[in-house]
Amino acid sequence: MSTSMSKILFVSHDAHRTGAPMVLLNFIRWYKVNSDHSFDIFLKEGGALEKKFEDLGATYYKKGYCAKTSLLVRIFRKLVNKKYKYELPEKFKRNKYDLIFLNTSVSLEIIGLLKSTFNCPVICNIHENEYAINSFYLDLFDQKNTSLVDHFIAVSKSTKYNLIYNLGLDPNKISLIYETINIKEINQISCSSNQIKNELNISSEFIVGSAGVTSWRKGYDLFIQLAAYIKKYANDCNIKFIWVGEIKQDCMNELKHDLKYMGIEEKVIFTGAKENPQNYFQIFDVFCLLSREDPFPLVAMESAALSKPIICFEKAGGIPELLEGTDGGYCVPYGDIEEMAKRIILLYNDRALLNKMGTTINNLILNYDVDIIGKQISNLIDQYSK
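Residues numbered from 1 in each chain as written. Predicted model: local features only at pLDDT ≥ 70, side-chain atom pairs only at ≥ 80, totals over all residues. Heavy atoms only, no water.

(A) Expanded view of the side chain of Asn129. For Asn129, the location among the structural elements is in the loop between β5 (122–126) and α6 (130–137). In this structure the side chain of Asn129 is engaged in a polar contact, spanning 2.9 Å, whose partner is the side chain of Ser158. If sequence neighbours within four positions are ignored, Asn129 has contacts with Ser156, Ser158, Thr159, Asn162, Glu293, Pro295 and Gly317. (Helix = DSSP H or I, 4+ residues; strand = E, 2+ residues; numbered from the N terminus. Polar contact = N/O pair within 3.5 Å; in protein donor to acceptor, adjacent residues only side chain to side chain. Contact = heavy atoms within 4.5 Å.)

(B) Just the environment of Pro309, in detail. Examined against the element boundaries, Pro309 turns out to sit in the loop between α14 (298–305) and β12 (310–313). Each C-alpha atom of the pair Pro309 and Lys256 lies 28 Å from the other, and the pair is 53 residues apart in sequence. Every residue in contact with Pro309, bar those within four places of it in the chain, is listed here: Asp285, Val286, Phe287, Gly328, Leu354, Met357, Gly358 and Ile361.

(C) Region of the structure containing the packing of aromatic side chains. Enumeration according to the criterion identifies 29 aromatic pairs in this entry. Seen from their ring centres, Phe27 and Phe101 are 6.3 Å apart, and the 25° between their planes marks the pair as stacked. Taken together, the positions of Phe27 in helix α1 (residues 19–34) and Phe101 in strand β4 (residues 99–103) put the pair 74 residues apart, joining distant regions of the chain. Assigned by exposure class, Phe27 and Phe101 land together as buried. Pairing Phe42 with Phe92 gives two aromatic rings, centres 5.0 Å apart and planes at 15°, and the pair type is stacked. Of this pair, Phe42 sits in strand β2 (residues 38–43) while Phe92 sits in helix α4 (residues 90–93), and the two are 50 residues apart along the sequence. For Phe42, a relative accessible area of 0% corresponds to the buried category. (Phe/Tyr/Trp six-rings, centres within 6.5 Å; stacked < 30°, edge-to-face > 60°. Buried < 20%, exposed > 50% of the residue type's maximum accessible area, 1.4 Å probe, protein only.)

(D) Layout of the sheet that holds β2. Pairing is parallel across the open sheet formed by seven strands, whose spatial order is β3-β2-β1-β4-β5-β6-β7. With one partner strand each, in any of the chains shown, β3 (59–61) and β7 (174–176) form the two edges of the open sheet. Averaged over neighbouring strand pairs, the angle between their axes works out to 20° when direction is ignored. Bridge analysis of β2 against β3 gives three bridges, and the strand direction is parallel. Following the sheet pairing, Phe42 is matched in β3 by Tyr60. Strands β1 (7–12), β4 and β5 of the sheet are contacted by helix α5 (residues 111–118), whose axis makes an angle of about 170° with β4. (Pairing = 2+ DSSP bridges. Axes fitted to C-alpha atoms, helices over the stretch in contact; angles between N-to-C directions.)

(E) How the structure looks around the nonpolar core. By size, the foremost hydrophobic cluster in this structure holds 63 residues, and its most contacted members are Phe10 and Ile381. Apart from residues lying up to four places away in sequence, Ile381 is in contact with Ile8, Phe10, Phe27, Tyr31, Leu99, Phe101 and Ile123. If you look at the next biggest cluster of nonpolar residues, it comprises 39 residues, including Cys237, Leu255, Val332 and Met340. (Core = buried A, V, L, I, M, F, W, Y, C linked by side-chain atoms within 4.5 Å.)

In short, geometric facts, not functional conclusions.
What follows is the structure, encoded as structure tokens:
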């Protein structure tokens, strides 16, 4: 256990408004208040959350990085990235650290550079499961990189299982520490439900909500299939579907085409990205997690903090672990949109059950507040820092 003050380097693969960077940002905020150790931040790439990271402490970027660089230049650099050497700023390289905390598998791309520069222990927090790693990051889990990591954090049992049984990592080098949210912050709604309903032209409808970015893994395409099943089985029910999150224009064009010919254009709303998504989550009656794979998604946790029952797929990540043995929602067979639709109709017709499930999930999520999970991460950092 570290008894003297240490200096920690927190590394995020980017600063986009997505789950993993937001988890790290949330933890660093807590750590700044609750730890005596000092820290710096390194962003492998930038994004919309840059200023929020910079407000917490000294924040570094790769040599030559500029947030105002044109989009075309950034795309070009990304396409030819492997042809260019990733360089650290000279001022940054002169710093001394007692531990490096890597956030996500993507950060393993620069572990060799960071380890050779600062020569200190490394903890790597893994937020990705089997499909994501196999599809995008498998080469980062070679023996050379993983041998440089002193300890891994898995954010769900499904994440840990994949690290051990599919990637062959030593179970003794892996701790299970779930994702975390700041529940107090989530409950700080900045506008009323009536304001949101007026914005979306909603009155008394039962709202089925979901959230996420445009990707096959997040199941945004399944969302409109779910709405189509509701039309088939309960067309007389006053139900509307709202998806909160960025949808790329080409995907939006595809969705509009399907919505038109399914005859459900008036039933489904895509809000786009929102800085305070909880303002929209508050009007949900139930949260449907359509993800085909998601280690422990923040959007589900945030909805739970607002007392919204969750319906998700079995074998699709960590949220089934949250619901296991409880009545905080339903886990339906993987990919079974029809069964998910039937559970929605059940809750639509039984508001007492809906409210009971909402209370249960709200109580469950208290165990994942940053005051609890933050201490677990902080204790692990103390264990490995000098």
